[in-house]
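Each chain, letter by letter, is given below.
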Amino acid sequence: MSHIRTQTQRQTPQTSWFFQLVRLEQNSKQDGATPALPTAYLLHSAPRKYKDREDMLRLEHSCLFFRSWLALTVSVLLDLKPSACRSLSGSRPNILLLMADDLGIGDVGCYGNDTIRTPNVDRLAADGVMLTQHIAAASVCTPSRAAFLTGRYPLRSGMVSSNGYRVLQWTGVSGGLPPNETTFAKILKDKGYATGLIGKWHLGLNCESSDDYCHHPLSHGFDHFYGMPFSMMGDCEPGEVSEKRAGLEHKLNVCSHVMALAAFTLTAGKLTRLVAGSWTLVICSAIVALLCLTTSYFMGALIVHADCFLMRNHAITEQPMSLQRTTALMLKEVSSFVKRNKQGPFLLFVSFLHVHTPLITTENFRGRSPHGLYGDNTEEMDWMVGKILDTLDTEGLTNSTLVYFTSDHGGSLEAQFGNNQYGGWNGIYKGGKGMGGWEGGIRVPGILRWPGMLPAGRLIHEPTSLMDVFPTVVQLGGGQVPHDRVIDGRDLLPLLLGTAQHSEHEFLMHYCESFLHAARWHQRNRGAVWKVHYVTPVFHPDGAGACYGRGVCPCSGDKVAHHDPPLLFDLSRDPSEAHALTPDTESSFHQVMERITKAVEDHRRTLSPVPLQLDMPDNLWKPWLQPCCGRFPLCWCDREADPQEPTAREN
């Protein structure tokens, strides 16, 4: 029952103004009203509780004339013709991409949370454009990040699995983002940008040796890398939360018991002369039992040294990491990169280790949030955003920098231990991390700020994708989107500037591993967003909203449900996916199904077979691929000087 109590405690933000606005948008479409984009006035001054729906509608429609006048004025002043995106691309801004890890859309103030303080992310939203239907290409990190960097569904690059290994499992594996994939960093580097990645990578490192770096960020277009080649995870700090240590220890303990029993049985058989042959098998069984037991005992330390370390470019600087100083190191590195490259242009991807378990939080932020350690960690992440924005201000780069903020996927509902919730909250949206189709696992924050270029306070309700960042930044940087492969992302600039009313995405596919779980159709002439689910996870226990006790929901097997006919929802009226439609309740049921079925068939014809990087054996730990700053297996070093830790500001 702990998950029920935890979720109940976090329901307050559901009544916040953002989620009322989302529901209002759906209701206005249903009633035939013209959907209106809220202005900066609404974003800055909207109350937490509206009196009633009619008051809100009057407020919306009173802004229609002002919005139309403002759009016309901006178009005249900026000479925004259909080629506006191309004229802006000549501006070649600095590009700062901020990505949180496992952050739920309902954990951010500007997206409806009024109990976790995120003033700096909220400031970005107030000064820029908010995307309310921003969709990740996958509900777990490795495939989502691959899609973000390449603008392609992860299935196209092989950054998925078919056997349950949802992400890269170790640093020392041969799987990773293939060298023939083109990232936006690679294109912008060729166009003269200084390119940097600070933080989490989790897209592979080596192919055949511990220093070939075939999957390394520097092999994918980044000039500079500082951070974790793997990922922050619960096992990086001994404690309650474990993502792989507990499972491995259990398997090793079973192994030791089985082999010890075998050795004992064979010994008894030899002594009673019931078993013939040499003692070799007995000795081997005993040795294997001892090895399994010893490995199980040291498994926690082995994982920490194998995966929880920092690199600067190709050199390991800290193995294992000193977790309490990592935040200060990251901020110091961001500041250094910006100052070195302030003459520009630069592309900097800051991939936060927050808010993934084990929720490493400095003392300045512990105990500040009513939502426990997760809330503390979220508030510290927001403070880091503020420090980075302050660096831009100090260096005079604010007006020449496009800033983008997002999360790689939804919050993890299953990340809990006892009464403690270690994962995020996804607002009114069903499901969470690891659920391939449900909205809570893939709908994420999307905020873009570029003072003087993007209108402040605009809200866009059109379907957009993390994959859209690829063509957007490539064209802004003066590059060309590749024509030798399928690019699934679409340029966001026409939508952001108001020169296009609708997103270019008519259809979006939602995969779980290599399996298509759901698809959405944006029926523009009706203002509807239809979504069909072919496969959904079976929640555990019955009636729960997640797969509690299983770590993450599966994509296939007997723990998923196949739907024939598929489940159909109208997200424009039912964003929470609470009421599946039927032919009896929706007159266009069959027409919608036929249209989406045709789109799925067309999409599948664009796919080409590629090796799956997350399948075995590419996702199996290989000792010869393990990065080590000492003589393997004695991997230990500390080449980091203690940074001066920034002082937390009062918010």
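Scroll up to find the structure.
What counts, and where the lines are drawn
- Residues numbered from 1 in each chain as written.
- Predicted model: local features only at pLDDT ≥ 70, side-chain atom pairs only at ≥ 80, totals over all residues.
- Heavy atoms only, no water.
- Disulfide = S-S within 2.5 Å.
- Buried < 20%, exposed > 50% of the residue type's maximum accessible area, 1.4 Å probe, protein only.
- Helix = DSSP H or I, 4+ residues; strand = E, 2+ residues; numbered from the N terminus.
- Contact = heavy atoms within 4.5 Å.
- Expected span 1.5 Å × (residues − 1).
- Arc of directions from axis to C-beta.

Enquirer: Would you take a moment to explain the state of the cysteines for this structure?
Expert: Joining two cysteines, a disulfide is a covalent bond between their sulfur atoms. Applying the stated criterion across every chain, the model contains seven disulfides. The residue that forms a disulfide with cysteine 207 is cysteine 214, at a sulfur-sulfur distance of 1.8 Å. With the S-S bond torsion at 95 degrees, the cross-link from cysteine 207 to cysteine 214 turns out right-handed. Residue cysteine 214 is classed as buried on the basis of its relative accessible area, which comes to 15%. Note on cysteine connectivity: cysteine 512 is disulfide-linked to cysteine 555, with sulfurs 2.0 Å apart. Residues cysteine 512 and cysteine 555 are joined by a disulfide whose S-S torsion is about -65 degrees; by sign, that bridge is left-handed. Of the two residues, cysteine 512 sits in strand β14 (residues 507–512) while cysteine 555 sits in the loop between β16 (528–537) and β17 (560–570), which places them 43 residues apart along the sequence. Like cysteine 555, cysteine 512 is buried.

Enquirer: Whenever I open this one, the side chain of aspartate 101 confuses me. Can you help?
Expert: Within the secondary structure, aspartate 101 is located in the loop between β1 (94–100) and α7 (119–127). Residue classification places aspartate 101 among the buried positions, given a relative accessible area of 0%. For aspartate 101, the residues in contact, after removing those within four places along its chain, are Arg145, Lys200, Ser231, Phe352, Leu353, His354, Val355, His356 and Asp408.

Enquirer: Quick question: what am I supposed to make of the environment of serine 91 here?
Expert: By the element assignment, serine 91 lies in the loop between α6 (84–89) and β1. By relative accessible area, which is 33% here, serine 91 ends up partly exposed. For serine 91 and leucine 476, which are 385 residues apart along the polypeptide, the C-alpha to C-alpha distance reads 7.3 Å. When neighbours within four sequence positions are excluded, serine 91 is seen to be in contact with Trp450 and Met453.

Enquirer: Even after reading the chapter, I still don't get helix α18 (residues 589–604), so can you show me in this structure?
Expert: In an α-helix, one turn spans 3.6 residues, which is why side chains three or four residues apart end up on the same side. With 16 residues, α18 should cover 22 Å at 1.5 Å per step; its first-to-last C-alpha distance of 23 Å lies within 8% of that length. Of the residues making up α18, those classed as buried are Phe589, Val592, Met593, Ile596, Ala599, Val600 and His603. In a view along the axis of α18, the buried residues occupy a sector of 130 degrees, so they form one face of it. Of the surrounding secondary structure, the elements contacted by the buried residues of α18 are α9 (154–157), β14, β15 (515–523), β16 and β17.

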